[in-house]
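The lines below spell out each chain.
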Amino acid sequence: MRKVFIVLALLCIVTASAQRVRVMSYNVKNGNGMDGIKSIERCADIIRNINPDIVAIQEVDSMTRRNNYYVLGKLAEHAGYPHAYFGKTINYRGGAYGIGVLSKEKACSVKFYPMPNKVEDRGLLVVEFKNYYLLCTHLSGVPKSQGRGVQVDTIREVAAKLDKPAFIAGDMNARPESAPMAAFREFATILSDEGKFTAPSNFPSKCIDYILGTNGKFKVLKNSIMFDCLASDHLPIYVDVRVGKAKKSKK
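Residues numbered from 1 in each chain as written. Predicted model: local features only at pLDDT ≥ 70, side-chain atom pairs only at ≥ 80, totals over all residues. Heavy atoms only, no water.

### Things to note about helix 3 (residues 71-79)
Every buried residue belonging to helix 3 is among Val71, Leu72, Leu75, Ala76 and Ala79, and all of these are buried. Each buried residue of helix 3 sits inside an arc of 135 degrees when the element is viewed along its axis, so together they form one side. Positive phi shows up at Gly80, right after helix 3, with a value of about 90 degrees. (Buried < 20%, exposed > 50% of the residue type's maximum accessible area, 1.4 Å probe, protein only. Helix = DSSP H or I, 4+ residues; strand = E, 2+ residues; numbered from the N terminus. Arc of directions from axis to C-beta.)

### Remarks on the packing of aromatic side chains
Under the criterion given, the structure shown has five aromatic pairs. With 5.6 Å between their ring centres and 80 degrees between their planes, Tyr132 and Phe167 make a pair best called edge-to-face. Here Phe167 lies in strand 8 (residues 166-171) and Tyr132 lies in the loop between strand 6 (122-128) and strand 7 (133-138), a separation of 35 residues in the sequence. The same class applies to Tyr132 and to Phe167, which are both buried. Taken together, the ring pairs in this structure connect Phe129, Tyr132, Phe167 and Phe218 into an aromatic cluster. The ring of Tyr133 carries the charged tip of Lys164 above its face, separated from the ring centre by 5.7 Å. (Phe/Tyr/Trp six-rings, centres within 6.5 Å; stacked < 30°, edge-to-face > 60°. Lys NZ or Arg CZ within 6 Å of the ring centre and 35° of its normal.)

### Overview of the sheet that holds strand 9 (residues 189-190)
In spatial order, the strands read 5-6-7-8-10-9; together these six strands make up an open sheet with mixed pairing. Edge positions in the sheet fall to strand 5 (109-115) and strand 9, since each has one partner strand and no second. The pairing of strand 7 with strand 8 spans six bridges and is classified as parallel. Bridging from a neighbouring strand, Leu135 pairs with Ile168 of strand 8. (Pairing = 2+ DSSP bridges.)

### What about the nonpolar core?
Judged by nonpolar contacts, the single largest core of 25 residues is most densely connected at Val23, Ile54, Val101, Phe129, Leu134 and Phe167. Elements with a minimum of two residues in this core: strand 1 (18-27), strand 2 (54-62), strand 4 (95-103), strand 6, strand 7, strand 8, strand 11 (216-225) and strand 12 (237-245). Among the elements that line this core, the one with the most residues is strand 12, at four residues. Sequence-distant contacts of Leu134, that is, excluding residues within four places in its chain, are made with Val23, Ile54, Val55, Ala56, Val101, Leu125, Val126, Val127, Phe129, Phe167 and Ala169. Core analysis: the second largest hydrophobic core is formed by 23 residues, Ala159, Leu162, Ala166 and Ala188 among them. (Core = buried A, V, L, I, M, F, W, Y, C linked by side-chain atoms within 4.5 Å. Contact = heavy atoms within 4.5 Å.)

Okay, structure coming up:
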């Protein structure tokens, strides 16, 4: 009987030190569907159905002339998320265009790191929660620009200074065998299934969207893709992960 209590106590300790999290990444293309219909609500319905704890969003407007409203806010409201955090990457048509994070839990802090690029500026949105961080990004789509290599270096530098496990999620515009993804693997683990194609949504032929983990211990319980060929040109990806702090090595 004593052994049973010891085992149960150890299980409680393990459970308390690790948290199960569902993380999603979705390039919503500002709600511009593959069928020519513009509807951020369709993207929101997909998010609601997957029901992640945190969502990394790419390609959203904020108060532009083509969308005279806060798109990320509308996405959050329709999907049922109380918290939305926006990161402006460029000025666009009288407003802003960029990336964002939706969450059920209120953030402890939010920081944005601009990442210059010869073609179009990019950014890294770092959202801190109680037990982990979510780093949302959208890397350059031009392979031969200075962009992606420098951008991955920036992400690595930022992640190295964080004091909790961190998820890195977004549209990396890079295939699994590419140099940017090789650079990511030097400091992070790919948690999503890189064997599944994510774009274009109507005829998927390449994997360019990822969820990674760094600064912690990650056990993947499930990784999946929601197949929807209309709402955006990317398929949304998500992972169920048990995440805990990595043990510090003794010096």
